Every structure is written in C-alpha cells, then in structure tokens.
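# Per-entry structural report
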Amino acid sequence: MSKFIDKKPATILWAISLIGAVLAVGLTKLANNDIWWQLGAGKFISNTLTIPRYDIFSYTAGSAKWVNPEWLFQVFIWNLFDLTGPACFTIIKLIATAFVALTLFKTTDLLVRNKNTAMWSAFMVLIAFSDRIMVRPHLFSIMMVPFFCLQLHKFRLDGRRLPWELPLLSVIWINMHGGAIMAPLIVAAFAAGETIQYLTARWVKEISHTSILRRKIISLWITVLLCIVACCITPHGIELILFPFQVSDLSSILRFTNEWGSVFEPRMDRVTTQIVLRIILVILMISYFVGRKHVRFSYLMLSILTSYLLLKGRRFSSYFVIINMPIIFYNFKGLASRMKMDPMKSNGRAYVSILIVTTLSVVFLKYGIPATIDGGRVGHPGIGMTQEGNIPAVQFIIDNNIRGRIYNEMEVGGHLMYARGPEEKVFIDGRTALYGDEFFMDYINSMRNRRFFQELDHRYEFDYILMGGISAWRRRHMHRYLWEDPQWKLVYGARDGFVYVRDIEKFGRLTTLKIHPLIEEMRHGDMNKVNIKY
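Presented here is a report on the structure given in the accompanying data block. Remember, predicted model here, so these are calculated numbers, not experimental data. (Residues numbered from 1 in each chain as written. Predicted model: local features only at pLDDT ≥ 70, side-chain atom pairs only at ≥ 80, totals over all residues. Heavy atoms only, no water.)

## What to know about the overall build of the chain
Our working rule: Under the DSSP-based scheme used, a helix requires at least four consecutive residues in state H or I and a strand at least two consecutive residues in state E, with every element numbered from the N terminus. Two things to know: the radius of gyration comes from C-alpha atoms, and the globule rule equals 2.2 Å times the number of residues to the power 0.38. Burial classification: accessible surface area is computed with a 1.4 Å probe over protein chains only, and a residue below 20% of its type maximum counts as buried, one above 50% as exposed, and the rest as partly exposed. Residues are treated as being in contact if the distance between any of their heavy atoms lies within 4.5 Å. Here, Shrake-Rupley sampling with a 1.4 Å probe gives the accessible areas, and only protein chains in the shown set may cover a residue. Charge convention: Lys and Arg are scored as positive, Asp and Glu as negative, and His as well as the terminal groups of each chain are ignored. The atoms used to mark charge sites are NZ of Lys, CZ of Arg, CG of Asp and CD of Glu.
Scanning the chain from terminus to terminus reveals 22 helices and 6 strands. At 26 Å, the chain has a C-alpha radius of gyration in line with the 24 Å of a compact globule built from 534 residues. The dimensions of the chain, computed from C-alpha atoms along their principal axes, are 85 × 55 × 40 Å. Taken over 534 residues, the chain has a buried fraction of 56%. The long-range fraction of contacts in the chain, counting pairs at least 24 apart against all pairs at least 6 apart in sequence, stands at 74%. Total accessible area on the chain stands at roughly 25100 Å², and carbon and sulfur atoms take up 61% of it. For the chain, the separation between the mean place of its 61 positive charges and that of its 40 negative charges on side chains is 12 Å.

## Description of the packing of helix 2 (residues 35-48) against helix 18 (residues 410-420)
The condition that has to hold: Working convention: axes come from line fits to C-alpha atoms, limited for helices to the stretch in contact. Angles between N-to-C directions cover 0 to 180 degrees. Throughout, the term roughly parallel applies to angles under 35 degrees, roughly antiparallel to angles over 145, roughly perpendicular to angles from 65 to 115, and oblique to all others. For any pair of crossing helices, the crossing counts as left-handed if the nearer helix is rotated counterclockwise from the farther one by less than a right angle, and right-handed if it is rotated clockwise. Under the grouping applied here, Gly and all other residues not named as nonpolar or charged are polar, the nonpolar ones being Ala, Val, Leu, Ile, Met, Phe, Trp, Tyr, Cys and Pro and the charged ones Asp, Glu, Lys and Arg.
Look at helix 2 against helix 18: their axes get within 7 Å of each other, and the N-to-C directions meet at 25 degrees. Between helix 2 and helix 18, the crossing angle belongs to the class labelled roughly parallel. Crossing geometry of helix 2 relative to helix 18 is assigned as left-handed. Residue-level contacts link Trp36, Trp37, Leu39, Gly40 and Lys43 of helix 2 to Gly414, His415, Met417 and Tyr418 of helix 18. Its residues placed into classes, the contact of helix 2 with helix 18 shows 5 nonpolar, 3 polar and 1 charged.

## Some points on the nonpolar core
So the rule is basically this: The definition of a nonpolar core used throughout is a set of buried Ala, Val, Leu, Ile, Met, Phe, Trp, Tyr and Cys residues joined through side-chain atoms within 4.5 Å.
Membership of the largest hydrophobic core comes to 96 residues, with the highest contact counts inside it found for Ile35, Leu39, Ile77, Phe89, Phe129, Trp173 and Ile186. Ignoring sequence-local partners within four residues, the contact set of isoleucine 35 consists of Leu30, Phe73, Ile77, Phe89 and Val135. Counting 57 residues, the second largest nonpolar core, distinct from the first, contains Ala64, Ile397, Met467 and Ala494.

## Things to note about the pattern of salt bridges
Applicable threshold: Each reported salt bridge corresponds to a side-chain nitrogen of Lys or Arg within 4 Å of a carboxyl oxygen of Asp or Glu.
One pass over the full model with this rule turns up 10 salt bridges. Taking the shortest distance from any N to any O, the salt bridge between lysine 115 and aspartate 109 comes out at 3.5 Å. For lysine 115, a relative accessible area of 31% puts it in the partly exposed group. Classification of aspartate 109 by relative accessible area gives buried; the value is 17%. Between arginine 475 and glutamate 409 there is a salt bridge, with the nearest N and O atoms lying 3.0 Å from each other. In this pair, arginine 475 is assigned in the loop between strand 4 (464-468) and helix 21 (476-484) and glutamate 409 in the loop between strand 3 (406-408) and helix 18, connecting sequence segments 66 residues apart.

## Digging into the side chain of threonine 107
For threonine 107, the position within the fold is in helix 4 (residues 87-112). With residues up to four places along the chain from it excluded, the contact list for threonine 107 reads Pro146, Leu150, His153 and Pro326.

## A few points about helix 11 (residues 239-247)
Applicable threshold: To be clear, the arc concerns the directions from the helix axis to the C-beta atoms.
Listed as buried for helix 11 are Leu240, Ile241, Phe243 and Val247. For helix 11, the angular spread of the buried residues around the axis is 150 degrees, confining them to a single face. Those residues of helix 11 hidden inside the fold are in contact with helix 7 (165-176), helix 10 (214-230), helix 12 (251-255) and helix 19 (432-448).

## So, a nonpolar patch on the surface
What counts, and what does not: Patch membership requires over 30% relative accessible area and the absence of a salt bridge. Like charges are linked within 9 Å, and nonpolar side chains (Val, Leu, Ile, Met, Phe, Trp, Tyr) within 5 Å.
The grouping of Ile12, Leu13, Ile16 and Ile19 at the surface amounts to a nonpolar patch, some 340 Å² of accessible area in total. You can see isoleucine 19 is positioned in helix 1 (residues 11-26).

## Some words on the environment of methionine 182
Tracing the sequence through the fold places methionine 182 in helix 8 (residues 182-203). Residues methionine 182 and phenylalanine 147, spaced 35 residues apart in sequence, show a C-alpha to C-alpha distance of 13 Å. Ignoring anything within four residues of it in the chain, the contact list for methionine 182 reads Val145, Trp173, Leu309 and Tyr319.

## Here we look at the packing of helix 1 against helix 5 (residues 115-128)
Close contact between helix 1 and helix 5 brings their axes to 10 Å; oriented N to C, the two are set at 5 degrees. With respect to each other, helix 1 and helix 5 are oriented roughly parallel. Contacts between helix 1 and helix 5 pair Thr11, Trp14, Ser17, Leu18, Ala21, Val22 and Val25 from the former with Lys115, Asn116, Met119, Ala122, Phe123 and Leu126 from the latter. Its residues assigned to classes, the contact of helix 1 with helix 5 shows 9 nonpolar, 3 polar and 1 charged.

## Notes on unusual backbone geometry
Negative phi values dominate among residues other than glycine, just as trans dominates among peptide bonds. A cis amide bond, omega -5 degrees, links glycine 421 with the succeeding residue proline 422. Along the chain, proline 422 falls in the loop between helix 18 and helix 19. Positive phi, normally seen in glycine, also occurs at asparagine 401, with a value near 50 degrees. Under the relative-accessibility criterion, asparagine 401 is labelled partly exposed at 43%.

## Side note on empty space enclosed by the protein
Here is the rule we go by: Only protein atoms enter the calculation, which uses a 1 Å grid: trapped sets of points that fit a 1.4 Å probe without letting it out are cavities, open sets showing protein on both sides within 12 Å along at least five of seven lines are pockets, and any residue with an atom within 4 Å of a point is a lining residue. Grid points are joined across faces, edges and corners, and a volume is the space filled by probe spheres set on the points.
What the rule picks out here adds up to 2 cavities of 30 Å³ or more. Taken as a whole, the second largest cavity encloses approximately 30 Å³ of empty space.

## So, helix 2
To keep things clear, this is the line we draw: Expected helix span is taken as 1.5 Å per residue step, with the number of steps being one fewer than the number of residues.
Taking 1.5 Å per residue, 14 residues should reach 20 Å; helix 2 reaches 20 Å between its end C-alpha atoms and fits that length. Taking burial as the measure, the 14 residues of helix 2 include 10 buried ones, the bulk of the element. Residues of helix 2 that are buried include every one of Ile35, Trp36, Trp37, Gln38, Leu39, Gly40, Ala41, Gly42, Phe44 and Ile45, and no others. Of the surrounding elements, those touching the buried residues of helix 2 are helix 3 (71-84), helix 4 and helix 18. Trailing helix 2 by a residue or two, leucine 49 shows a phi angle of about 55 degrees, which is positive.

## A look at the sheet that holds strand 5 (residues 488-494)
Note the following rule: Two strands qualify as a pair provided DSSP detects at least 2 bridges between them.
Strand order in the open sheet formed by 4 strands is 3-4-6-5, with mixed pairing between adjacent strands. Because the sheet does not close on itself, it has two edges, and the strands there are strand 3 and strand 5. Taking the axes of each pair of neighbouring strands and ignoring which way they run, one obtains an average angle of 15 degrees across the sheet. As defined by bridge partners, strand 3 adjoins strand 4 across 3 bridges and the pair is classed as parallel. Looking at the pairing, tyrosine 407 lines up with isoleucine 465 of strand 4.

## Thoughts on the pairing of strand 4
Extensive coverage of strand 4 is indicated by the burial of 5 of its 5 residues. Residues Tyr464, Leu466 and Gly468 line one face of strand 4 and the alternating positions Ile465 and Met467 line the opposite face, and both faces are buried. Bridging between strand 4 and strand 6 (residues 497-502) involves 5 bridges; their strand directions are antiparallel. Paired with isoleucine 465 across the bridge in strand 6 is tyrosine 500.

Everything listed here is a matter of geometry and, on its own, says nothing about what the molecule does.
Next comes the structure, spelled out in structure tokens:
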C-alpha cells in the first residue's frame, strides 16, 4: 500500500474522475422552447444571407428595430440542426460542459499547483451551474468566461506578450451572444487590480515581491481597449453594446423573467444550485479574510464585478462560480501551506478524493443531479429533445392550412417562427425586449383576465389561438372562457397544446372537439391525470 501511494495519481485519473459529472450535466435532452425562435432566425439568415434590422416575424411589434446580438449563434445552430437533427443539442451541451471543466481544472492547477484541488474546483463548478447548461446563446459565454480568466492568469504569471487572442475571440463572442460585453469588463477589472497592486507595491517599495511589471499593466489596458473595439465589430455596431443597458430598463419584462430574479428570493430556498451558490458566496468572503495578507487586487476586482452582476440577477450565477472558484482556492492556499503535510499522506488523500469525486459523478450520472431538495432532478438524461420540445399542435395548424392573425402563448411563439415565419407572423415570442414593457404587460394581463383578452381581440381581430400544453393547467381559467365563448371552437387538444379557431366560415371544415379534456379535468383538479390522445 505504501508503495502505491508513494506516487502521485496519474493525470488520466483526474480526468476520469470528472467524466461522470460532465456526462451528468451535459448528456441531457433539450427541454426549453427558447431554441425554436433562434432556429427560425438562423434559418432565415442562412437562406437569405441577410440579417434583419427590423422585426419581420410578428405583426404586433410594428416593425420595431431588432438588435440581434446572437445572429451568428443562430446561423450556427440552425445549420448544425439541419445537418444532424435534435442530437446536436446534446452534443453542444456535452462539448461546452467538458470545455468548462477542463478550463477550470487548468486554471485552478495554475494558481495553486495542486491537481487534487483543481479536480474539486471543476467538480463543484459543474454542480453549481448545472441548471444553466441549456442550448441558448449564453452557452458560448459560459465557455468564453473561464477561457478569458485562464489567459489572464497565465499572462500575470508568465506572460511576455500582449494577450492578442482575447480581442480576436471577442469579435466572435459578441456576434454569438450579447454577454460578450463582459470581455472588456473582465479584462478591465483584472487590469485595474494589477494597477492597484503595482502602485501599492511602489508605495511600500516592494515591487520585486509582487512580481508586477509596468509593461504588463500597459499591455492589459491595451487589451481592454482592443476588446471594446472588438465588441463594436457587429452588424449593429455600437448599438449592440448599448442594448444590454436598454434591456435593464424594461422593468416589467425583467420582473416576469425568472432568470433576472434575485438569488435570495425565498422561492429559491429549495433549489439546490441556488443553495450551493449562496454557500460559495459565503466561502468567497471567508477566503478573502483568511488570505487577507496576500490578496491579489486583480482577483478582488473580479470578485467585486461578478458579485455585482450576481445581485442584478440569477442569470449571472454561472459566471460568478466560474470566475471565483479558482480564486477561493488561491486565497486558501496560504492557509494550506502553513499546515505541514506528509507527502505520502497527501498522495493518499488525493486517491481518496479521486474515489469520492468519481463515485459522486457516477451517482449523478445514474440518478441525475438534484435540482431541488424535494427530489427534483436537473435535466432529462438522453440525447435529442424531450416531448415538451416538440409541439404537434403546430403541425396540426400547418396540415390544416390555418392562417390569419394568431393569438399565441409566448412559449410556443418560437415554434411558429421556426415552422411558418416570416410568411405567417406570430403574436409574441421569446424576443421580449423587442415588444417592450407595455405590450408585454398587455399580454400578461390577457392571460389573467378575459377583459384584457377581449380588448386585445378587439384591437387585432384574432382568427385563431394556440396555447401551450405545459402551462395548460395554470391557464385553465382562460381555457374555460374560450370553451364557453360561442365564437371560439376547440379543434385540437392534447398535452402539447390547444388550438382554437373563430367560428367563421373559412374554418368551418374543421371538426370541433365535443369534450374539452382540460375543462373536464378541472372537476378533479389534477392535470397530470388527464388522458389526452395525440
């Protein structure tokens, strides 16, 4: 046994220990509907080789200016989907998860020179942001943030040149996702911290101790300027940089968007990833107190930046844990160095850690990562998309050539965009910022009160209605109103959605359902028991 632990674990063992966690997070089916309007936009751009500057997919936005920071992602995902089908969704998630795990492992190992710690860092990050691995443009930001941080850490430790790859990557990043405005912010925070470190060292005459060179400081600030310029190299120019700030003024939309909510909301108390996030936030503050004598100001500035973003909304939680986990272990490194450990025992602990992480990874792969303390799981294991990702109701509309002005639930608007746009226009879809606060609240109120729906019907004169199946029980009172209103008739009702048409001559050939499954089930109060046939 002693001969076995004389040697440090081979690098391959560290990698194997994380494979299960990578698969548990990434090997899941697509479940969100947001991807469909992205596919619809990507298909249009690819087929026409034009990037729309104004809305062409809805009849309600009034040809509003459409700032689309994700056009390159849309083109990419559409062509990949067209080539491989739904399997591409799982493939993308797996690649992104593996890339983040590898980058975090390398970053932490670079800062603390300990592969055991690096393994735990990568593992904890994967668990903490497992619910944010979705096939959406922000997935590219989740990949770029750790890579930028790794390059900055490398540059501080041994850089001899300008990190030119960061501005070049920023050009791609800004056209894949608007989150690329974090590129100059991250580099600027790092540069500001190193500048403070340098000036402080000069003041106390300890420049040699800090290993900071003025040319590095200058190179960092040049990189900041280049990243800012890079973020303007888009079809929308500087408008794209201003777009996130414009979105932040849409108070009603942000209030009803789950990912913009606070991490401290009481309803998040039972969400596992949010619990882990709060623990990491506390540990981060403790780590700065423990390592206060050797604090790197660049790391402190990154922590301040990400903490501020985290307070703006839960959507920034993944960036927070990605950036701060290696910093936490770096801050605790001084404490660990003061604890003298036998090398042989250290190797033994490394093997035990590998065994623990491997076991946990296999458990998560087999049973799923806990989403809530009530027993929910993150994602749906498998390849492709879940049943909720496909809506036969839209195909029913196409097969029966139902046309005219539609009133649709926002969650299914993307499906319509993909299947029928831009020839047939939607009422609303996931591009909420495009529609504005006032219209968004009109839509929300119409789902809550028949009077508001009637006002919208009077304004737009709807010909047919498409409601989603996932939210059907939540919208049951609206379904009852439509069922009881003689001018509407239900022609399709299933778990994936409901189609109503106005009782006019052009829809007269459609068969009206004699029984509304949802209305019938309202007598029993449990939507899950409804026996709906497709």
